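Here are the chains, one letter per residue:
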Amino acid sequence: MDTMTPKKENRSIVMNMPVAEAFIPLAAAFVNQAAQGLGLDEEGADALSLATEEVIAYLARMAQVEQDVDIRCSAGSCFIETKISLPVRELQLHAFNMTATVNADDEAGLDQMELLIASRMTDRFHITRSAGQRLVLALIKELPYPEIKRDTPSPTPGKLSQYTLQAADAAYVKWFLRLVTQYYPDALFPLDFRYPGKVVDMAAGGDYQIVTAKGPAGELGGGIAWRWEGRKTVELFGPYIFQEHGDPQMARDLMDGCIGHVARTSALALINRMPTPDLPEGYLEALEPKRNDISGDDGSPARARFRMMVEETGEVVWAHPDVVGFLQSEYRRLVFPRDIQTAGSDGEADEPFSVLSAEIDRRLSVATLRPIWPGADNAKNMAAHVELLGREAMATILFEMDLGQPWQAGFTPGLIALGFFPRMILPHAGSADLLIFQLRTDA
Amino acid sequence: MTMNDACMNKMAIDRLVPDHIKCFEAYIPSKPDDVLMKMTGCSRLLRLNNNENPLGPPPAARKIIETFPPPRASVYPSGDAYHLRCKLADRFGLHPDQFLVGNGANEVIAFVIKAFCQEGDNIVTADKTFAVYEWVATFSGFEARLVPLQDFAFDDAGMLARIDERTKILFVCNPNNPTGTYWSEERLRRFLDRVAGRQIVVVDEAYCEFVEQPDFPDGLGLIAEYPNLVVFRTFSKMYALAGLRIGYLAGDRDVVDIIRRTCVVYSVNGLAQEAALKALDDHEHILATRALVRDAKAMLTRELDHLGLTHVSGEGNFLMVRLPMSDTLAYRKLMTHGVMVRSMAGFRFPNWIRITVGLPDAMHALVEALAEMLHHDR
Ligand SMILES: Cc1ncc(COP(=O)(O)O)c(C=O)c1O
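Residues numbered from 1 in each chain as written. Chains lettered and ligands numbered in written order. Predicted model: local features only at pLDDT ≥ 70, side-chain atom pairs only at ≥ 80, totals over all residues. Heavy atoms only, no water.

A. Fine view of helix 6 (residues 105-116) of chain B. Look at helix 6 of chain B: 17 Å from first C-alpha to last across 12 residues, which is about the 16 Å you get at 1.5 Å a residue. All of the buried residues in helix 6 of chain B are Ala105, Glu107, Val108, Ile109, Ala110, Phe111, Val112, Ile113 and Phe116 of chain B. (Helix = DSSP H or I, 4+ residues; strand = E, 2+ residues; numbered from the N terminus. Expected span 1.5 Å × (residues − 1). Buried < 20%, exposed > 50% of the residue type's maximum accessible area, 1.4 Å probe, protein only.)

Now the structure itself:
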């Protein structure tokens, strides 16, 4: 085992240009050729460059002063990403709501929402505000991979009396995925696992790490996989044991192996949203409260689980009074020392326009909203976003609130009125903990 | 400066940061006692997490601390701990220039790595040992090759097998924190013979004063025979001066001459130097501490057996316990009882905790808290 870093740096090509109608073709051509050069097929590159055109055209019409944008095309392990970033003054920010149109006065139809149109041409789309106050629009197109063939079942290896843990190479990654997809229901592995070529590329790029239990003759007894979610959280999948009655010792060894790799990295928490029946007792804790009062359950019986990688030292979190009860009971259940301070509007003067960032994953049909700027119109703005995302057929709509940012608490009443409920706390996943709200599907 | 400029500056700074620093996360030390007690709502805090000596500094060192004249705080200390090095030389039969004193043994780890490693080099150590060798190598941009422990002990053959032409330093923690295992003199000699002077071998003896085994090697005594051997010691553990931050390394004069080029002068304060000098003379303190650790370990292991918990203890003032739950959860639960232990996921021992063995009252409080925690968990 050697010291692990979260992930390799991506290859990228950067262009800087003025935001002006005249340069739209240049941006489009740049993105098209860069994307193809980085390995995207023609069709994908066309989509990405059309999306870029939409975004730049939008920026050009919106910009009041001459401005430059950086356009960066990078190759991820299994996708091509175009990031368009520009400095944005706070007054202009609200134009980056997904629901915004150039002409905010007339109630423009969905077809005039350029950012939405751009998002439709991509697999993943998000707008974020980076450190240094730059606004970043990310357009992501996945590389195409064939789906795994499940028609020729692999034989089970049977009980291994001896095995060693090893990082899987490409051949073992594929074998591992064949067995996982064959022996486990779809709810217990990520969608990526149905695309072996993709997982091989992601593993090579450091996006997935897969460790297998390998017998003396090279037999594959089981395995575990994990990937980074940002710098502080690692999501774990498995453990998967390919034996009829399991192998608790192997499962424990795989867990120890995974935790050993993640220890001493920047990860503060390990989460497992799809725990398998092989998960050994005592390693992970329940992340979510028991959900008997909640409709819109995704049908999977096991609750998400987690463990901290580091010793908890306690901190202050900020919350609206409406969720303090939930937080108190959750922090008590999780035994997290937290000083919960209430925050919210006390009638002080507000900014007029709120800003939300949206992340849309069309493959999983999950949308995540994050507050970027507070504003008096936040309830209305969220309602508009929810309506739009509903029409875009997003099955799951989440709202991520950073409990380290007092102003974000101001979104709580609006969320609850719209039918969101506080679902779980992700410890240390933001500047403090994140509180995840989810929209009730019957709302 | 406009906002645009500020953005550009931040981007420019980002370009200055080397990849190995981008990937590295700063160590998060625990918060001070008063903050922790407020957060966890407990009225006392028993620190059983850092392997400190609860007896406190030896009396002669205490006296130095109590009578330190305030005006001396305005004067720089000896930049190279002159008197202390002379004392160490005298005590261990070496030359004063064979010692380098640092702001804790932690600091001298960095000196050695800086002195011998350059881009592309690597160090070899164990996966489950004191973290700082691996950390300093990693954030300095060098590869840390980690060899799994065998039966909780450093694996000599495994370490030798990982050496290549870019290996500069082998770190052995003897006895090992956290497992308490050690290499006998014979085993250490065999290892040094096999390395045959091709790499620097660091033997970290932070806990050597606790060891009573006759076959435990005295690293300092081996330097004359093995000039590539560098030994670390500290005043933080047995001598209970952790708060003053002082430790040292010893080695062959030529080797130490090289390491000295990278060392930070004036990093060790005068009070620490004087207290350490006095502490060295107190053999009674060592005997009393050993007796305390021996008795407390016997009591604690009995109680842990009672609770049905697996434990591992060897040399040193600590032991490891395996729990039927996540170690970091156990940490949080024990903190609500005012008991602070070391969770071991960071040592790659998930679901284990390490306990500093100390005063009977603290041990009883720990056992009680453990019992209650396990009871609730069932
Ligand atoms: C094995 C080992 N080496 C070195 C040190 C560092 O000691 P110091 O306090 O002198 O920096 C420690 C402290 O925990 C240790 O356990």
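Moving on from the coordinates now.
B. Inspection of the environment of Gly104 of chain B at higher detail. Residue and element names in this part refer to chain B. Within the secondary structure layout, Gly104 lies in the loop between strand 2 (99-102) and helix 6. In sequence terms Gly104 and Leu244 are 140 residues apart; their C-alpha atoms lie 8.3 Å from each other. Setting aside its immediate chain neighbours within four residues, Gly104 contacts Arg245, Ile246 and Gly247. (Contact = heavy atoms within 4.5 Å.)

C. Representation of the pairing of strand 10 (residues 318-322) of chain B. All names here are of chain B. Extensive coverage of strand 10 is indicated by the burial of four of its five residues. Taken together, the two bridges between strand 9 (residues 311-312) and strand 10 define a ladder with antiparallel strand orientation. When the sheet's bridge partners are listed, His311 is paired in strand 10 with Val321. Between strand 9 and strand 10, which pair antiparallel one after the other, the connecting turn spans five residues, and Gly316 there sits at a positive phi close to 100 degrees. Pairing between strand 10 and strand 13 (residues 352-356): five bridges, direction antiparallel. By the bridge assignment, Arg322 is partnered in strand 13 with Trp352. (Pairing = 2+ DSSP bridges.)

D. Region of the structure containing the packing of aromatic side chains. Under the defined criterion, the tally for this structure stands at 30 aromatic pairs over all chains. Within the aromatic cluster, the residues linked to one another by ring pairs are Phe176, Tyr183, Tyr184, Phe189, Phe193, Tyr208, Phe237, Tyr240 and Phe242 of chain A. If you follow Lys214 of chain A out to its NZ or CZ, it ends over the ring of Tyr172 of chain A, 4.1 Å from the centre. Sitting over the ring of Phe347 of chain B, Arg264 of chain A keeps its end group 5.6 Å from the ring centre. (Phe/Tyr/Trp six-rings, centres within 6.5 Å; stacked < 30°, edge-to-face > 60°. Lys NZ or Arg CZ within 6 Å of the ring centre and 35° of its normal.)

E. Expanded view of unusual backbone geometry. Residue Pro239 of chain A is bonded to the preceding Gly238 of chain A through a cis peptide linkage, with omega at -5 degrees. Tracing the backbone shows Pro239 of chain A in strand 9 (residues 233-241). Of note, the amide linkage connecting Asn174 of chain B to Pro175 of chain B takes the cis form, showing an omega dihedral of -5 degrees. In this fold, Pro175 of chain B is placed in the loop between strand 5 (167-173) and helix 9 (185-195).

F. Here's a closer look at the sheet that holds strand 12 (residues 305-308) of chain A. Residue and element names in this part refer to chain A. Overall, mixed pairing links the seven strands, which are arranged 6-7-8-9-10-12-11 in an open sheet. Single-partner strands in this sheet number two, and they are strand 6 (164-167) and strand 11 (285-286). Sheet analysis places strand 11 next to strand 12, joined by two bridges and oriented antiparallel. Directly across from Ala286, in strand 12, lies its bridge partner Arg305. Across the sheet, helix 4 (residues 170-183) is in contact with strand 7 (208-214), strand 8 (220-229) and strand 9; its angle to strand 8 comes to roughly 100 degrees. (Axes fitted to C-alpha atoms, helices over the stretch in contact; angles between N-to-C directions.)

G. Region of interest: the interface of chain A and chain B. With 42 residues of chain A in contact, the opposing surface of chain B contributes 50 residues. Roughly 3700 Å² of surface becomes buried between chain A and chain B when both sides are summed, with 54% attributable to carbon and sulfur atoms. The partner of Arg307 of chain A in a salt bridge is Asp327 of chain B, and the shortest N-O contact between them spans 2.6 Å. Applying the counting criterion to the chain A and chain B interface returns 16 residue pairs in polar contact (both at pLDDT 80 or more). Among the elements of the structure, helix 6 (248-262), strand 12 and strand 13 (315-319) of chain A are those that each provide at least two residues to the side of chain A that touches chain B. No other element matches helix 6 of chain A, which puts four residues into the side of chain A that touches chain B. (Buried area = accessible area lost by both parts, 1.4 Å probe. Salt bridge = Lys/Arg side-chain N within 4 Å of Asp/Glu carboxyl O. Polar contact = N/O pair within 3.5 Å; in protein donor to acceptor, adjacent residues only side chain to side chain.)

H. Spatial organisation of the environment of Asp253 of chain A. Residue and element names in this part refer to chain A. As for its position among the elements, Asp253 is in helix 6. Separated by 89 residues in the primary sequence, Asp253 and Thr164 place their C-alpha atoms 9.3 Å from one another. Ignoring any residue separated from it by four or fewer positions in sequence, one finds Asp253 in contact with Tyr163 and Leu165.

I. Spatial organisation of the site of the ligand. Residues and elements named next belong to chain B. Taken together, 14 residues form the shell around the ligand, and within it Ala105, Asp204, Thr234, Ser236 and Arg245 come nearest. One nitrogen or oxygen atom from the main chain of Asn106 is found 3.0 Å from an oxygen atom belonging to the ligand. Tyr207 is positioned with one of its side-chain polar atoms (N or O) 2.8 Å from an oxygen atom of the ligand. Relative to its unbound accessible area of 400 Å², the ligand is 92% covered by the protein chains. (Near = heavy atom within 4 Å. Areas by Shrake-Rupley, 256 points an atom, 1.4 Å probe, with all protein chains shown as cover.)

J. Expanded view of the sheet that holds strand 8 (residues 247-251) of chain B. All names here are of chain B. Spatially, seven strands are ordered 2-8-7-6-5-3-4 in an open sheet, and the strand pairing comes out mixed. Lying at the two open borders of the sheet, with one neighbouring strand each, are strand 2 and strand 4 (143-147). Here the strands of the sheet are splayed against their neighbours by 20 degrees on average, with no regard to which way each runs. Bridge count between strand 3 (residues 122-126) and strand 4: five bridges; the pairing is parallel. Its bridge partner being in strand 4, Ala126 is matched across the sheet by Val147. Sheet strands touched by helix 7 (residues 132-139): strand 3, strand 4, strand 5 and strand 6 (200-204). Its angle to strand 4, the strand with the most contacts, is close to 150 degrees.

K. Highlighting the domain arrangement of chain B. All names here are of chain B. The domains assigned to chain B are domain 1 (30-49 + 284-377) and domain 2 (59-279). Averaged C-alpha coordinates put domain 1 and domain 2 at centres separated by 27 Å. The partner domain 2 presents 23 residues to the 20 residues of domain 1 that form the contact. Both faces combined, the contact of domain 1 with domain 2 buries some 1900 Å², and carbon together with sulfur accounts for 64% of it. When the buried area of domain 1 at its contact with domain 2 is split by residue, Arg290, Glu315 and Arg348 rank highest and sum to 33% of it. Across the domain 1-domain 2 interface, the total number found is two salt bridges. Between Arg294 and Glu212 there is a salt bridge; the shortest N-O distance is 3.3 Å. Applying the counting criterion to the domain 1 and domain 2 interface returns eight residue pairs in polar contact (both at pLDDT 80 or more). Looking at the side of domain 1 that touches domain 2, the elements with two or more residues in it are helix 13 (283-306), strand 10 and strand 13. No other element matches helix 13, which puts six residues into the side of domain 1 that touches domain 2. Class assignment of the residues belonging to the side of domain 1 that touches domain 2 gives a composition of nine nonpolar, six polar and five charged. (Domains from an automatic or database assignment. Nonpolar A, V, L, I, M, F, W, Y, C, P; charged D, E, K, R; others polar.)

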